[in-house]
Amino acid sequence: MIDAPERAPLTRDFFDRPVLEVAPDLLGRTLVRMTPDGPIELRLTEVEAYAGQADPGSHAYRGRTARNASMFGPPGHAYVYFIYGMWFSLNLVCGPENTASGVLLRAGEVTTGAELAAERRPKARNAKELTKGPARLATALDIDRSLNGTDICAGPRAPLSVLTGAPAHPALIRNGPRTGVSGEGGVHPWRYWIDGDPTVSPYRAHTPRRRRTPAA
């Protein structure tokens, strides 16, 4: 029996490349999350690249910490972080070991296990919103810090893997500034998405948080 080419898993060599090559090449690929209740699969439609210590917008810009250590590991692993004390986000580590570059998975179209994703995202108004944005994606796929450091090239039984899928046609790939990134890192056009896809999240520029004024 010959497996369909689109079901072939991406190898570590795919991720062992510069982040600005890997990021757009992930569009159209199939992310697989094996949960205790069954698989959830989605077609990736939006991602962002982060270039480690060469990128002011990256968590690794100031070096290795306990929080970002997975970013410095071998390519083809997951980096999961907690943000705003509420949400998780999933990144795929790429490039040579110790470069700390990675791709944030921002959005996708659920193609398998939509009912499982909807159970975790009851406020989604329709299927297009299930994984529209990195926090929604992580919530729908039941992703938390327990998956930080997961080898996504470990095989079909791994909690996370990426299949060849149907890569987006280059003519449909767009890029622009990353969402919510401030300062020098905010100018990099390293957000990539499939043009016209309804699951892509809206762009939002960084908005500085207001400091609370102490009561008199």
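Below is a short write-up of the structure. (Residues numbered from 1 in each chain as written. Predicted model: local features only at pLDDT ≥ 70, side-chain atom pairs only at ≥ 80, totals over all residues. Heavy atoms only, no water.)

### Considerations on the nonpolar core
Phase 1: F15, L26, L31, V103 and L105 are the most contacted members of the largest nonpolar core, which has 40 residues in total.
Phase 2: Discounting chain neighbours no more than four positions away, the residues touching L31 are I40, E41, L42, L44, L90, L105, L137, L141, L160, S161 and V162.
Phase 3: Formed by 10 residues, the second largest nonpolar core is a distinct cluster that contains Y50, A60, M71 and F72. (Core = buried A, V, L, I, M, F, W, Y, C linked by side-chain atoms within 4.5 Å. Buried < 20%, exposed > 50% of the residue type's maximum accessible area, 1.4 Å probe, protein only. Contact = heavy atoms within 4.5 Å.)

### Thoughts on the environment of R64
Phase 1: Turning to its location among the elements, R64 is positioned in the loop between β2 (38-50) and β3 (78-83).
Phase 2: The spatial distance from the C-alpha of R64 to the C-alpha of A54 is 13 Å, given a sequence separation of 10 residues.
Phase 3: A polar atom in the side chain of R64 sits 3.2 Å from the side chain of N98. (Helix = DSSP H or I, 4+ residues; strand = E, 2+ residues; numbered from the N terminus. Polar contact = N/O pair within 3.5 Å; in protein donor to acceptor, adjacent residues only side chain to side chain.)

### A closer look at the side chain of T150
Phase 1: Among the structural elements, T150 can be located in the loop between α4 (134-140) and β6 (160-163).
Phase 2: Of the polar contacts made by the side chain of T150, one reaches the backbone oxygen of L147; its length is 2.7 Å.
Phase 3: Once you skip the residues sitting within four places of it in the chain, T150 turns out to touch G76, H77, A78, P159 and L160.

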